[in-house]
Amino acid sequence: MKIGFAQINAVVGDLSGNYELILAGYERLAAAGAEVVLTPELAVTGYPPQDLVFKSRFVPENLAIVEKLHASVRDAALLVGFVDRNEGRGKPFRNAAALLERGKPIRKIHKSLLPTYDVFDEERYFEPASRVEPVEVGGKKIGVTICEDIWTEHYLPRPLYDVEPVRSLVEQGAEIIVNLTSSI
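These notes cover the structure that comes with them. (Residues numbered from 1 in each chain as written. Predicted model: local features only at pLDDT ≥ 70, side-chain atom pairs only at ≥ 80, totals over all residues. Heavy atoms only, no water.)

**Thoughts on the sheet that holds strand S8 (residues 176-180)**
The pairing of strands in a sheet comes from backbone hydrogen bonds and takes either a parallel or an antiparallel form.
Turning to step 1, where the next piece is worked out: Here we have three strands laid out as an open sheet, ordered S6-S7-S8, and mixed in their pairing. Two strands close off the open sheet at either side, each with one partner strand: strand S6 (135-137) and S8. Averaged over all pairs of adjacent strands, the angle between their axes in this sheet comes to 45 degrees, without regard to strand direction.
Turning to step 2, where the next piece is worked out: Alignment of strand S7 (residues 140-146) against S8, held across five bridges, turns out to be parallel. Bridge pairing in S8 places Gly143 opposite Ile177. (Pairing = 2+ DSSP bridges. Helix = DSSP H or I, 4+ residues; strand = E, 2+ residues; numbered from the N terminus. Axes fitted to C-alpha atoms, helices over the stretch in contact; angles between N-to-C directions.)

Have a look at this one:
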């Protein structure tokens, strides 16, 4: 499977500008033969959107951009980071990735591990995923992780979380693990 990485420099709050960057990256990589194109974490909104998520039109406009991108996908799938609404209990939003494929409904993947240290305060805005499962793309089971979801205690000074999304995805048969991140 050929995976293209749309390494864009999304600007926090510039939804229309980020849409243009995402679409241009998608079209370039799809034309080069990518079967799946990945964007950074929260590419639609820019990272971190912080209190912009509480502005009345911000999240709905970000969701409209995801729909617009979905209408633009061709043969290559697009995995794009965005802010989703949380329809259940807890925080009002989710740090998410949308799997966009032509002729298929949008599939959403939510971030499991939300950092709350250093400059990060994701628990202020986002509800973590309640479960993870691979998605099928092009006949392959892909485990989609978002930034910190791929980190393990083997690379951290101490365990920070009680769940391991990657382990769960592998146990469920994921053949490929991909990670959308805005960290460098």
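Still to come is the rest of the account.
**Section: helix H2 (residues 58-72)**
Turning to step 1, where the next piece is worked out: Along its 15 residues, H2 runs 21 Å from first to last C-alpha, staying within 8% of the 21 Å computed at 1.5 Å per residue.
Turning to step 2, where the next piece is worked out: Buried within H2 we find Phe58, Val59, Asn62, Leu63, Ile65, Val66, Leu69, His70 and Ser72.
Turning to step 3, where the next piece is worked out: In this structure, the buried residues of H2 make contact with helix H1 (15-31), strand S3 (77-85) and strand S4 (93-100). (Expected span 1.5 Å × (residues − 1). Buried < 20%, exposed > 50% of the residue type's maximum accessible area, 1.4 Å probe, protein only. Contact = heavy atoms within 4.5 Å.)

**Brief notes about the sheet that holds strand S1 (residues 3-5)**
Turning to step 1, where the next piece is worked out: Pairing is mixed across the open sheet formed by five strands, whose spatial order is S1-S2-S3-S4-S5. The open sheet has two edge strands with one neighbour each: S1 and strand S5 (107-110). The mean angle between the axes of side-by-side strands here comes to 35 degrees, regardless of whether they run parallel or antiparallel.
Turning to step 2, where the next piece is worked out: Along the sheet, H2 makes contact with S3 and S4, crossing S3 at roughly 160 degrees.

By themselves these figures say nothing about function.
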